[in-house]
Amino acid sequence: MALYLCGMKPKPLPLEPGDFYFNEQGLIVFTEQYHRRRGYCCQSGCKHCPYGFTKKGNSGPADGSKKDAEAS
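Presented here is a report on the structure given in the accompanying data block. (Residues numbered from 1 in each chain as written. Predicted model: local features only at pLDDT ≥ 70, side-chain atom pairs only at ≥ 80, totals over all residues. Heavy atoms only, no water.)

**A closer look at the overall build of the chain**
Here comes step 1: Assigned secondary structure in the chain consists of three helices and two strands.
Here comes step 2: Ordering the α and β elements of the chain from the N terminus gives α-β-β-α-α.
Here comes step 3: Within the chain, the proportion of its 72 residues that are buried is 11%.
Here comes step 4: Considering only contacts within the chain whose residues lie at least 6 apart along the sequence, 10% involve residues at least 24 apart.
Here comes step 5: Here the chain has roughly 5900 Å² of accessible surface; of this, 56% comes from carbon and sulfur atoms. (Helix = DSSP H or I, 4+ residues; strand = E, 2+ residues; numbered from the N terminus. Buried < 20%, exposed > 50% of the residue type's maximum accessible area, 1.4 Å probe, protein only. Contact = heavy atoms within 4.5 Å. Areas by Shrake-Rupley, 256 points an atom, 1.4 Å probe, with all protein chains shown as cover.)

**Some remarks on the environment of Arg-38**
Here comes step 1: Take Arg-38: it is sitting in helix H2 (residues 32–38).
Here comes step 2: Taking the C-alpha atoms as reference, Arg-38 lies 8.3 Å from Pro-12; in sequence the two are 26 residues apart.

**Looking at the pattern of salt bridges**
Here comes step 1: Tallying each qualifying case throughout the model produces three salt bridges.
Here comes step 2: Close ionic contact of Asp-19 with Arg-37 constitutes a salt bridge, the shortest N to O distance being 2.5 Å. Here the residue Asp-19 occupies a position in the loop between helix H1 (2–5) and strand E1 (20–22), and Arg-37 occupies one in helix H2, the gap between them amounting to 18 residues.
Here comes step 3: We classify Arg-37 as partly exposed; its relative accessible area is 30%.
Here comes step 4: In this structure, the salt-bridge partner of Arg-36 is Glu-32, at a minimum N-O distance of 2.8 Å. Note that Arg-36 and Glu-32 are positioned in helix H2 at a spacing of four residues, about one turn of the helix.
Here comes step 5: The exposure class assigned to Glu-32 is partly exposed, which follows from its relative accessible area of 38%.
Here comes step 6: Salt bridges sharing common partners tie together Glu-16, Asp-19 and Arg-37. (Salt bridge = Lys/Arg side-chain N within 4 Å of Asp/Glu carboxyl O.)

Listed below in structure tokens is the structure:
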């Protein structure tokens with residue numbers, strides 16, 4: 001990851017079966033499998049982040065469910 005630290009972006013990994021799915025809105029969602037293969041956190045608040053990062057200001061639970069919102 002030295003390239004990433006010096007300002008050069010690492011080359012994207014080729015996608016493998018199980019790396020992503022399309023959500024109800026038709027957007028691609030990367031799975032935990034993909035994030036672990038990538039090997040680092042991009043700090044974008046990904047739904048399946050295995051590194052525990054959540055963006056500040058996200059009011060919902062990290063798993064994307066609406067459990068907390070429905071309880072209010």
